[in-house]
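Coordinates in review
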Amino acid sequence: MFARFLEGKTAVVTGSNSGIGLGIAVELARSGADLVLNSFTDNDDDHALAASLAAEHGVTARYIRADMSKGDDCRALILAAGRCDILVNNAGIQHVAPIPEFPAEKWDAIIAINLSSAFHTTAVALPMMREAGWGRVINVASAHGLTASPFKSAYVAAKHGIVGFTKVTGLETATDPITCNAICPGYVLTPIIEKQIPDQMKTHNMSREEVIAKVMLQRQPSGQFATVEQVGGTVVYLCSPAADQVTGTTISVDGGWTAL
Ligand code: NAD
């Protein structure tokens, strides 16, 4: 989208060995940013992914294991990165169940990974950004950060929470050369969504195609999934000078979902 205007900047993207996080990392690398990729796993594929992105885009890329459900790991990730000009808090998990049957440990894990991790990483990254004289914090929320669905209590609570945390971060950095915004994607066909399809097929007694059209995309007026490239492009825009005065707010990439 923009020429390599992010050369010399380091982007830390949590949960970036698949799906939206990986799509964001690719778009940032295309714009010249060096990458720190992350997830809770630590295998050869994770390190090979970083090496292949580095070779393809002419940037440096490292993979650092850190479990975003643990505050100490979140803080250690940013410290190990050594530099963090762009922080993308993307790691997230889902669980779908009615409130009385919602496992308490799933609630705790969803709040920890989807919400509290952003507090821990941001707390360590902001002083680094102030020192460097520039910074971008981008939180991957969801259309569920602005609306609700039954059976997604923890996810909706965490995503609404991160929208609030984004506003506070934007206010606390308003006079710094730092911005903080949240992106609210609608449905994007990534592993987190793929995993829900078999359950939805059982619940609704529908085929895969019917679940996609009548359950998922029924809420998305465009009738299409958003893509990881479109979410990544929005992150790149938020890192661009055009977005210098965009802070403390949300950008929806949801095919019109939240306009309904
Ligand atoms: P995904 O399952 O493909 O990716 C999730 C990423 O988070 C993976 O890289 C996974 O390894 C990582 N992760 C999970 N637990 C972790 C942990 N404990 N520590 C570190 N990393 C961990 O799903 P996705 O769709 O790419 O989701 C990415 C983000 O986008 C999430 O925050 C999700 O809520 C949000 N989102 C997704 C959609 C969608 O339709 N796919 C819509 C709105 C928002």
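Residues numbered from 1 in each chain as written. Predicted model: local features only at pLDDT ≥ 70, side-chain atom pairs only at ≥ 80, totals over all residues.

**Regarding the site of the ligand**
Inspection of the region around the ligand gives 28 residues, with Gly-15, Gly-19, Gly-92, Thr-190 and Ile-192 positioned closest. A domain split of the shell around the ligand shows at least three residues from each of domain 1 (10–187 + 226–253) and domain 2 (189–225). (Near = placed C-beta within 6 Å. Domains from an automatic or database assignment.)

**Side note on the domain arrangement of the protein chain**
Domain boundaries in the protein chain define domain 1 (10–187 + 226–253) and domain 2 (189–225). When each unit is reduced to the centre of its C-alpha atoms, the spacing between domain 1 and domain 2 is 25 Å. In this complex, domain 1 contributes 10 residues to the contact, which on the side of domain 2 involves 10 residues. Of the residues assigned to the side of domain 1 that touches domain 2, the class counts are 5 nonpolar, 5 polar and no charged. (Contact = placed C-beta atoms within 7 Å. Nonpolar A, V, L, I, M, F, W, Y, C, P; charged D, E, K, R; others polar.)

**Observations regarding unusual backbone geometry**
For Phe-151, which is not a glycine, the phi torsion comes out positive at approximately 75 degrees. Residue placement: Phe-151 occurs in the loop between β5 (135–140) and α5 (153–172). On the basis of neighbour counts, which here come to 14 C-beta atoms within 10 Å, the residue Phe-151 falls in the partly exposed class. One non-glycine residue, Asn-205, adopts positive backbone phi at about 50 degrees. Looking at the secondary structure, you find Asn-205 in the loop between α7 (196–204) and α8 (208–216). The class for Asn-205 is exposed, based on 7 C-beta atoms found within 10 Å. (Helix = DSSP H or I, 4+ residues; strand = E, 2+ residues; numbered from the N terminus. Buried ≥ 20, exposed ≤ 12 C-beta atoms within 10 Å, placed from the backbone.)

**Side note on α5**
Here α5 contains 20 residues, and its C-alpha end-to-end distance of 29 Å stays within 8% of the 28 Å for a straight helix at 1.5 Å per residue. Of all the positions in α5, only Ala-154, Tyr-155, Ala-158, Lys-159, Ile-162, Phe-165, Thr-166 and Thr-169 are classed as buried. Considered in projection along α5, the buried side chains sweep an arc of 125 degrees and stay on one side of the axis. Those residues of α5 that are buried lie in contact with α4 (104–132), β5, β6 (178–185) and β7 (250–253). (Expected span 1.5 Å × (residues − 1). Arc of directions from axis to C-beta.)

**Comments concerning the environment of Ala-112**
Looking at where Ala-112 falls in the secondary structure, it is placed in helix α4. Given 19 C-beta atoms within 10 Å, Ala-112 falls into the partly exposed group.

**Digging into the nonpolar core**
Membership of the largest hydrophobic core comes to 63 residues, with the highest contact counts inside it found for Leu-28, Leu-35 and Val-235. Ranked by residues supplied to this core, first place goes to α4 with 7 residues. Setting aside chain neighbours within four positions, we find Leu-35 in contact with Ala-11, Val-13, Ala-25, Leu-28, Ala-29, Ala-50, Leu-53, Val-59 and Ala-61. (Core = buried A, V, L, I, M, F, W, Y, C linked by C-beta atoms within 7 Å.)

**Structural notes on helix α3 (residues 71–81)**
Within the span of α3, buried status applies to Cys-74, Leu-77, Ile-78 and Ala-81. Buried residues in α3, looked at end-on, bunch into an arc of 90 degrees, giving them a common side. α3 presents Asp-72 and Leu-79 as exposed residues on the side facing more than 90 degrees away from its buried surface. For α3, the elements touching its buried residues are β1 (10–13), β2 (34–39), β3 (61–65) and α4. Just past α3, the residue Gly-82 takes up positive phi, approximately 80 degrees.

**Some words on the pairing of β6**
Counting buried residues along β6, 8 of its 8 residues qualify, which places the element largely inside the surrounding structure. Alignment of β5 against β6, held across 6 bridges, turns out to be parallel. Bridging from a neighbouring strand, Arg-136 pairs with Thr-179 of β6. Tracing the backbone out of β5, into α5 and back to the parallel element β6 gives a crossover that is right-handed. Relative to β7, β6 runs parallel, the two being bridged by 4 bridges. The partner of Pro-185 across the bridge, within β7, is Val-253. (Pairing = 2+ DSSP bridges. Right-handed = clockwise from strand over helix to strand, strands pointing away.)

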